[in-house]
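Fold and contact review
What follows is the residue order along each chain.
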Amino acid sequence: MRTPIIAGNWKMNMIRADAAALVQGLGKALEGIENVEVVVCPPFTALDAVAAECAKWGIGLGAQNMHWEASGAFTGEISPVMVKDAGCKYVIIGHSERRQYFGETNDTVNAKIKAALEHELTPIMCVGETLEQREAGVTDRICREQVVEGLKGIDSNLLKDIVVAYEPVWAIGTGKSASAKDAEHVINYIRQVLADLLGTDAAEKIRIQYGGSVKPENTEELMAQPNIDGALVGGASLKAESFAGIISRAAKG
């Protein structure tokens, strides 16, 4: 049985005081809710402020990105060593906004995943198709390429705790969400790809999230699907009430 994991990607939002207050409000709202793992991923500048509140309320802490080198002359970058030192257990890798705006490729995603695992961080690897790719009928091929290339050369024994997030690019921040049926189709296909790479037993243990305009109103239907193990939540994670609503509904499954 895979434990659902709900992660909030706060993107470029929240200063330190607001971030800490949000986690405090979230923790209070989630008292008594069990059987779901909760993670928040604030901006780098708020990690330190949020870490203590996360520890207090049993909420996991993640970073939104990192470099693949442990140190060096990479102005403006954050290393896996720094991410871990800030208290993070998780790190989002390969988000579509990183791919679209900052030149991320399957190769850099692969390098970052290797570095995360080397430093005992759990990667949340994002994959997903654009609207043009969806309309061209190549969603499965794109997702397969991103999964295979992202995980190439990595010992399968190290991948047991990795999290995969299927985020159709056309649904991120648009208010449009894939139907539960469509999301399940793609996520089931991603699990088949993982089975080809790692074996069926290993693939069945890997948690796969859905992301893309997730809100309390569509959480239960999404979580009712057999292969959807949680959500990577954007805008709805910036308010304790809506994020707690998603989490509580996920816990019901």
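Residues numbered from 1 in each chain as written. Predicted model: local features only at pLDDT ≥ 70, side-chain atom pairs only at ≥ 80, totals over all residues. Heavy atoms only, no water.

Next up on the list: the state of the cysteines. On inspection of all chains with the given rule, the structure shows 0 disulfides. Cys-41 takes part in no disulfide bond, and the closest cysteine sulfur, belonging to Cys-88, lies 7.5 Å away. Not part of a disulfide, Cys-54 finds its nearest cysteine sulfur in Cys-88, a span of 8.7 Å. Accessibility expressed as a relative area gives 2% for Cys-54, which makes it buried. (Disulfide = S-S within 2.5 Å. Buried < 20%, exposed > 50% of the residue type's maximum accessible area, 1.4 Å probe, protein only.)

Turning to the packing of helix 1 (residues 16-29) against helix 2 (residues 47-57), a few remarks are in order. Interhelical geometry of helix 1 versus helix 2 gives an angle of 10° and a closest axis separation of 8 Å. Taken as axis vectors, helix 1 and helix 2 run roughly parallel relative to one another. On helix 2, the residues touching Arg-16, Ala-19, Ala-20, Val-23, Gln-24, Gly-27 and Lys-28 of helix 1 are Asp-48, Ala-49, Val-50, Glu-53, Cys-54, Lys-56 and Trp-57. Residues that form the contact of helix 1 with helix 2 fall into these classes: 7 nonpolar, 2 polar and 5 charged. (Axes fitted to C-alpha atoms, helices over the stretch in contact; angles between N-to-C directions. Helix = DSSP H or I, 4+ residues; strand = E, 2+ residues; numbered from the N terminus. Parallel < 35°, antiparallel > 145°, perpendicular 65-115°, else oblique. Contact = heavy atoms within 4.5 Å. Nonpolar A, V, L, I, M, F, W, Y, C, P; charged D, E, K, R; others polar.)

Attention now moves to the layout of surface pockets. Quantified by volume, the largest pocket comes out at close to 380 Å³. It is helix 4 (residues 96-102) that provides the largest number of residues to the lining of the largest pocket, a total of 4 residues. Grouping the amino acids of the lining of the largest pocket by side-chain chemistry returns 6 nonpolar, 4 polar and 3 charged. Considered as a void within the structure, the second largest pocket measures approximately 200 Å³ in volume. What lines the second largest pocket is a set of 17 residues, among which Gly-173, Gly-212, Ser-213, Gly-234 and Gly-235 lie closest to the centre. (1 Å grid on protein atoms, 1.4 Å probe; cavity = no way out; pocket = protein on both sides within 12 Å on 5 of 7 lines; lining within 4 Å. Points joined across faces, edges and corners; volume = space filled by probe spheres on them.)

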